[in-house]
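Chain by chain, the residues run as shown.
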Amino acid sequence: MTDPLLETTEFDPADDEESSRAPERAKPRQRYKLKDDTGFDEVPKKYRRFYRRWKGKGDTLAPNEVICPVCKVVIRSARDLRVGDRVYCMPCFSRLTVILGESGLLEAKVEY
Ligand SMILES: [Zn+2]
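Q: Kindly report on the overall build of the protein, identifying the contributing residues and their values.
A: Across its full length, the protein carries one helix and six strands. Mapped from its N terminus to its C terminus, the protein presents α and β elements in the order α-β-β-β-β-β-β. Taking all 112 residues of the protein together, the buried fraction comes to 23%.

This is the structure in structure tokens:
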């Protein structure tokens, strides 16, 4: 089975469909230029800029980044992420939903 996400030329780990659950859907998204310098080699070169390794303590997440709870890889979107967004973690094939964590920061939870 081919993942339809991977067939699009404009791949982005975040689903482009605006979620109705996102409370701020009317606000335009900020776009991010992803530099291909993450050194992340667990996915094909083409998709590398959408993922990076979490560096641990001292590392921070940008508004367009969220950590995969399964493999702890940082997923990066070309736009800022919001609650209700669905993202795809290619390294571990997880489909995730962006939620507001207890810390007030965005987190991802696995969709079953
Ligand atoms: Zn993952």
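Q: Give me the sheet that holds strand β1 (residues 51–53): which residues, what numbers.
A: Read from one edge to the other, the open sheet built from three strands follows the order β1-β3-β2, with strand pairing classed as antiparallel. The open sheet has two edge strands with one neighbour each: β1 and β2 (65–67). Across the sheet, the mean angle separating the axes of adjacent strands is 30 degrees when strand polarity is ignored. Sheet topology places β2 next to strand β3 (residues 73–76); three bridges connect them, and they run antiparallel. Its bridge partner being in β3, Ile67 is matched across the sheet by Val74.

Q: Residue-level account of unusual backbone geometry, with values.
A: Located in the positive-phi region is Lys72, a residue other than glycine, with phi close to 65 degrees. When you line up the elements, Lys72 lands in the loop between β2 and β3. By the C-beta count within 10 Å, which is 12 here, Lys72 ends up exposed. A positive phi angle, near 60 degrees, is found at Phe93, a position not held by glycine.

Q: Please set out the nonpolar core residue by residue, giving values where relevant.
A: Tyr51, Val66, Cys68, Ile75, Val87, Cys89 and Ala108 are the most contacted members of the largest nonpolar core, which totals 19 residues. Contributing elements (two or more residues each) for this core: β2, β3, β4 (86–89), β5 (94–100) and β6 (106–110). With residues near it in sequence (within four places) discarded, Cys68 still touches Val73, Ile75, Cys89, Cys92, Ser94, Leu96 and Ala108.

Q: An account of the environment of Ala62 is requested, with residue identities and associated values reported.
A: Following the sequence through the fold, Ala62 ends up in the loop between β1 and β2. A sequence separation of 15 residues divides Ala62 from Ser77, and the C-alpha atoms of the two residues are 9.9 Å apart.

Rules behind the numbers
Residues numbered from 1 in each chain as written. Predicted model: local features only at pLDDT ≥ 70, side-chain atom pairs only at ≥ 80, totals over all residues. Helix = DSSP H or I, 4+ residues; strand = E, 2+ residues; numbered from the N terminus. Buried ≥ 20, exposed ≤ 12 C-beta atoms within 10 Å, placed from the backbone. Pairing = 2+ DSSP bridges. Axes fitted to C-alpha atoms, helices over the stretch in contact; angles between N-to-C directions. Core = buried A, V, L, I, M, F, W, Y, C linked by C-beta atoms within 7 Å. Contact = placed C-beta atoms within 7 Å.

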